Amino acid sequence: MMKMTGRALRSAALGALMAGLGAPAMAEELFYVSGAVGNAVENFKTLVKPWEEATGHTVTMVPMPASTTDQFGQYRLWLAAGASDIDLYQTDVIWAPQLADHFVDLTEVAKDLAPTHFPSIIESQTVNGKLVALPIFTDAPALYYRKDLLEKHGKAVPTTWAEMQETAQFIQDAERAAGDADIWGFVWQGNAYEGLTCNALEWVKSFGGGQIVEADGTISVNNENAVAALETAKGWVGTISPEGVLAYQEEEARGLWQTGNAVFMRNWPYAYGLGNGEDSAVKGLFGVTPLPSGGEGSGSAATLGGWNVAVSKYSTKQEAAISLALYLAGPEAQKQRALTESNLPTIVSLYDDAEIAAAQPIIPQWKEVFLNAVPRPSAPTLGKYNEVSARFWSAVHSTLSGNGSAAENLELLEVELTDIKGSGW
Amino acid sequence: MTDKSDGLSLSQQRQRAAFWFLAPMLAALFFVAAWPLIRTIWFSLTDTTLSDLYGGEWIGFDNYLSLRILESGRWIWRGTLVDPAWWNAVWNTVRFAFVSVFFETILGLIVALVLNAEFKGRGFVRAAILIPWAIPTIVSAKMWAWMLNDQFGIINDILLGLGLIDQKIAWTASVDTAMTAVLIVDIWKTTPFMALLILAGLQMVPRDIYEAARLDGVNPVKVFFKVTLPLIRPALAVAIIFRMLDALRIFDLVYVLTPNSAAAKTMSVISRENMIDFDKFAYGAAQSTLLFAIIAVFVSLYIWLGKVDLSGESQK
């Protein structure tokens with residue numbers, strides 16, 4: 001950290017010096033704010049180096065907490081206050097409708113770049129004809145499994161939640177009996193935050209229980225398939241998953257997994273690269289597969305995630321900021337991100353890139369999964385999405401922690417959502 | 001000092017001088033306390049959102065309570081005052097405030113009595129005991145979050161090692177223990193503060209009273225209840241008010257330590273959530289106003305019932 005601050009100070013001082021000497025005031029110092037997981041801060045520095053060298057500008061990353069809910073709260077405050085300190089925001093795929101007013105329209109500047117991306121992602125970032133943010137990577141979660149443990153116990157990679165639960169329980173019991181007291185069957189994200197909405201949406205959808213609020217705005221969450229899905233998940237807590245999973249976010253789950261203490265994990269692709277890192281106890285010992293399905297006749301579901309870069313309307317250095325946004329969303333930066341952070345590109349052609357396929361085999365394999373990923377109901381619920389999501393995750397969290405049954409909580413949730421909806425979203 | 005100064009009496013002159021000395025502080029207080037408070041109350045009576053802070057329109061008390069009569073003739077009450085999430089938060093906060101202040105007072109009193117005794121290295125111990133209070137809450141919350149971590153935490157490790165529990169407890173995640181975890185950390189953090197205030201009171205107690213009691217052969221327990229406690233009561237009362245004010249608006253510890261679950265959500269947490277996360281700024285402002293009202297009621301009741309003397313008149 002000290003090193004970084006020192007460098008930032010030096011570059012600031014250098015900038016001031018050059019301005020003082022009457023050098024053309026071209027070299028801008030930008031601030032880019034983003035949530036940080038894994039090695040995000042170091043990787044970002046390497047990622048933007050070519051851009052910095054080409055343009056003479058510099059950019060400093062302002063790291064934020066990993067929780068998207070916390071990030072959103074802070075960004076909304078800054079933007080509402082019209083703060084000019086931050087030039088670029090890394091935004092979640094679900095935020096575009098809620099923050100559209102505060103960002104620069106990128107339709108014109110990205111008219112060549114945008115068509116190279118998947119159209120559905122560009123569409124998700126377009127609000128009333130305005131391109132709010134440019135996609136930098138997309139996300140669809142996977143089921144991580146320990147190849148070595150499955151082989152050792154002669155189990156197949158599970159395709160349904162029931163199989164997963166059975167296998168997890170079996171291996172957990174066997175490993176514990178063999179002396180590994182800290183092993184758990186399955187870790188995921190059960191903290192009451194946006195991540196739980198993602199996890200629970202996958203269970204509900206894969207059991208055929210709809211997607212909370214359907215695309216046409218109807219509230220569909222109170223149905224018996226959704227009840228069955230939540231009851232199933234509740235059965236994991238304290239058996240194959242530690243009770244503490246109800247306070248876990250992505251990084252806590254990865255912590256347990258990467259120290260070799262879990263058989264299965266639900267997580268985003270970023271954990272693939274980190275899991276194969278030098279300091280990982282599970283390096284080379286795991287594989288990934290699509291999330292399990294609910295059972296006969298229902299498919300697997302993965303929540304569509306992904307991150308974008310938006311330029312603040314209040315930035316005083318918009319020209320440089322737009323140039324950085326285009327670079328980050330461009331093929332060069334996306335490829336780099338895919339190689340170092342196993343982030344899924346949003347540029348179609350990168351899925352056929354041989355170098356990426358060799359370094360991160362998960363990526364070409366994942367194209368199908370994310371193309372069929374299920375979106376959270378941010379499009380139909382517009383500005384009320386956060387409240388809808390918070391009510392949903394609260395109901396799920398209550399159910400999982402034994403505070404009322406799934407049927408009771410979902411019935412209550414339906415009433416609450418109807419109230420929030422009022423006469424229309 | 002011979003001039004007549006417009007014929008004002010000495011005490012009038014002093015009052016006037018005092019006013020000018022106080023004026024900067026009054027102005028500062030107005031800008032940092034009164035004005036935000038008035039603004040918040042004003043916001044709570046409008047339909048302001050965070051995306052449009054200055055475009056709110058007056059809607060009266062709808063954020064607090066409003067009645068809608070549906071076409072079917074059904075009556076529906078809306079607003080904070082009938083919001084179960086709000087009342088859950090009120091209950092959480094009040095419970096937290098009473099339990100934490102209760103334990104902090106008892107423990108603080110014990111620590112203060114120990115520190116009041118003469119022993120070698122007292123100065124050092126006094127400084128050392130203040131450390132938890134000096135650590136920023138956010139840091140101590142994170143530190144405790146790691147210690148209370150269900151898989152890697154040292155607390156579970158110690159308890160397991162001692163055989164007190166037979167499996168790891170998910171302190172912050174489980175509904176049953178989330179509030180306990182917050183209480184443990186808060187008591188750890190704030191007991192020094194209580195001890196310090198009580199110690200200040202203890203040191204005002206004249207030593208000769210104790211000597212007299214000793215000569216009369218009164219037993220120490222009786223001395224404590226008949227001499228010490230009545231004499232430090234004013235200091236104790238002020239300390240409890242301070243802590244109560246603080247505890248009723250608890251935010252940081254809950255926000256950092258526990259998942260955002262209904263089991264530990266307090267009034268400040270839910271008000272922030274509405275203001276920022278849900279873009280219902282006015283609704284959150286209404287909850288902040290209620291929070292202010294609840295604190296005001298608590299403190300007034302306490303001062304009235306406990307006949308606490310905040311003006312210092314009786315000390316003269």
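Residues numbered from 1 in each chain as written. Chains lettered and ligands numbered in written order. Predicted model: local features only at pLDDT ≥ 70, side-chain atom pairs only at ≥ 80, totals over all residues.

Trainee: What should I look at first to understand the overall build of chain B in this one?
Mentor: Scanning chain B for helices and strands turns up 12 helices and 2 strands. The order of α-helices and β-strands along chain B, N terminus first, is α-β-β-α-α-α-α-α-α-α-α-α-α-α. Taking 316 residues into account, the globule formula puts the C-alpha radius of gyration at 20 Å, and chain B, at 25 Å, lies well above it. Split into buried and exposed, the 316 residues of chain B put 31% on the buried side. Counting only contacts in chain B whose residues sit at least 6 apart along the sequence, the fraction spanning at least 24 positions is 66%. (Helix = DSSP H or I, 4+ residues; strand = E, 2+ residues; numbered from the N terminus. Rg over C-alpha atoms; globule rule 2.2 N^0.38 Å. Buried ≥ 20, exposed ≤ 12 C-beta atoms within 10 Å, placed from the backbone. Contact = placed C-beta atoms within 7 Å.)

Trainee: Got a minute to help me understand the overall build of chain A in this structure?
Mentor: Of regular secondary structure, chain A possesses 18 helices and 13 strands. Taking 2.2 N^0.38 as the reference for a compact globule, 425 residues should give roughly 22 Å; the C-alpha atoms of chain A span a radius of gyration of 22 Å, in line with that estimate. Taken along its principal axes, the extent of the C-alpha atoms in chain A is 70 × 55 × 40 Å. Counting over 425 residues, chain A shows a buried share of 51%. Here the analysis covers contacts within chain A between residues at least 6 apart in sequence; of these, 72% occur between residues at least 24 apart.

Trainee: Help me understand the interface of chain A and chain B, please; the structure alone is not making it clear to me.
Mentor: Accessible area lost when the parts come together is the quantity often used to give the size of an interface. Every contact between the two is made by 26 residues of chain A and, on the other side, 18 residues of chain B. Broken down by secondary-structure element, the contributors of at least two residues to the side of chain A that touches chain B are α3 (68-80) and α17 (385-400) of chain A.

Trainee: Sorry, what's going on with the sheet that holds strand β2 (residues 58-64) of chain A here?
Mentor: Sheet strands pair via backbone hydrogen bonds, and the direction of the pair is either parallel or antiparallel. Residues and elements named next belong to chain A. Spatially, 5 strands are ordered β2-β1-β3-β13-β6 in an open sheet, and the strand pairing comes out mixed. The open sheet is flanked by β2 and β6 (134-139), the only strands paired with a single partner. On average, each strand axis in the sheet is inclined to that of its neighbour by 20°, with strand direction left out of account. Sheet analysis places β6 next to strand β13 (residues 305-311), joined by 5 bridges and oriented antiparallel. (Pairing = 2+ DSSP bridges. Axes fitted to C-alpha atoms, helices over the stretch in contact; angles between N-to-C directions.)

Trainee: Just checking my understanding: could you explain the packing of helix α7 (residues 175-202) of chain B against helix α9 (residues 220-248) of chain B for this structure?
Mentor: All names here are of chain B. Close contact between α7 and α9 brings their axes to 8 Å; oriented N to C, the two are set at 155°. One finds that α7 runs roughly antiparallel with respect to α9. Every pair of crossing elements has a handedness; the one defined by α7 and α9 is right-handed. Judged by residue contacts, Thr190, Met194, Leu197, Ile198, Ala200, Gly201 and Leu202 of α7 engage Ile232, Ala235, Leu236, Ala239 and Arg243 from α9. Of the residues that constitute the contact of α7 with α9, the class distribution is 9 nonpolar, 2 polar and 1 charged. (Parallel < 35°, antiparallel > 145°, perpendicular 65-115°, else oblique. Left-handed = near helix turned anticlockwise from the far one by under 90°. Nonpolar A, V, L, I, M, F, W, Y, C, P; charged D, E, K, R; others polar.)

Trainee: Hey, could you run me through the sheet that holds strand β7 (residues 142-146) of chain A in this one?
Mentor: All names here are of chain A. Strand order in the open sheet formed by 4 strands is β8-β9-β7-β10, with mixed pairing between adjacent strands. In the strand order of this sheet, the two ends are held by β8 (184-187) and β10 (286-289), each with one partner. For this sheet, the mean angle separating the axes of adjacent strands, direction not counted, is 15°. As paired strands, β7 and β10 are joined by 4 bridges and run antiparallel to one another. Its bridge partner being in β10, Tyr145 is matched across the sheet by Gly287. Lying on the sheet, helix α7 (residues 161-177) is in contact with β8 and β9 (262-267); it crosses β8 at an angle near 140°.

Trainee: How do you make sense of the domain arrangement of chain A when you look at a structure like this?
Mentor: All names here are of chain A. The domains assigned to chain A are domain 1 (2-132 + 305-371) and domain 2 (142-303 + 377-421). Each of domain 1 and domain 2 has a C-alpha centre, and the two are 29 Å apart. If you look at the interface, domain 1 gives 19 residues, while domain 2 gives 20 residues. Every element with two or more residues in the side of domain 1 that touches domain 2 is listed here: α3, α4 (96-99), α13 (331-341) and α15 (362-371). Top element by residues in the side of domain 1 that touches domain 2 is α15. It accounts for 3 residues. (Domains from an automatic or database assignment.)

Trainee: How do you make sense of α7 of chain A when you look at a structure like this?
Mentor: In an α-helix, one turn spans 3.6 residues, which is why side chains three or four residues apart end up on the same side. Residues and elements named next belong to chain A. Taking 1.5 Å per residue as the helical rise, α7 with its 17 residues ought to reach 24 Å, and the 24 Å between its terminal C-alpha atoms agrees with that figure. What α7 keeps buried is the set Trp161, Met164, Gln165, Thr167, Ala168, Ile171, Gln172 and Glu175. Against the buried residues of α7 lie α6 (147-152), β8, α9 (224-234), β9 and β11 (293-295). Following α7 by one or two positions, Gly179 adopts a phi angle in the positive range, close to 110°. (Expected span 1.5 Å × (residues − 1).)

Trainee: Please explain the confidence of the model for chain B as it appears in this structure.
Mentor: Any segment with low pLDDT has predicted coordinates that should not be analysed in fine detail. Residues and elements named next belong to chain B. Summarising the model, chain B shows a mean pLDDT of 88, and 95% of its residues fall at 70 or more. In the model of chain B, strand β2 (residues 75-78) stands out as the element of lowest mean pLDDT, 82, in contrast to helix α2 (residues 84-116), which has the highest, 94. With a pTM of 0.82, the predicted complex shows an ipTM of 0.75. (pLDDT = per-residue confidence, 0-100.)

Trainee: How should I be thinking about the environment of Leu400 of chain A in this particular structure?
Mentor: Residues and elements named next belong to chain A. Following the sequence through the fold, Leu400 ends up in helix α17. For Leu400, a count of 29 C-beta atoms within 10 Å gives the class buried. With 41 residues separating them in the primary sequence, Leu400 and Ala359 have C-alpha atoms 38 Å apart.

Trainee: I'm lost on helix α12 (residues 281-306) of chain B in this one. Help?
Mentor: All names here are of chain B. Counted at 1.5 Å a residue, the expected span for α12 with its 26 residues is 38 Å, and the 37 Å between its end C-alpha atoms agrees. When we look at burial in α12, the residues that qualify are Phe281, Ala282, Tyr283, Gly284, Ala285, Ala286, Gln287, Ser288, Thr289 and Leu291. Those residues of α12 that are buried are in contact with α1 (10-44), α2 and α11 (267-277). Lys307 lies just past α12 and shows a positive phi near 45°.

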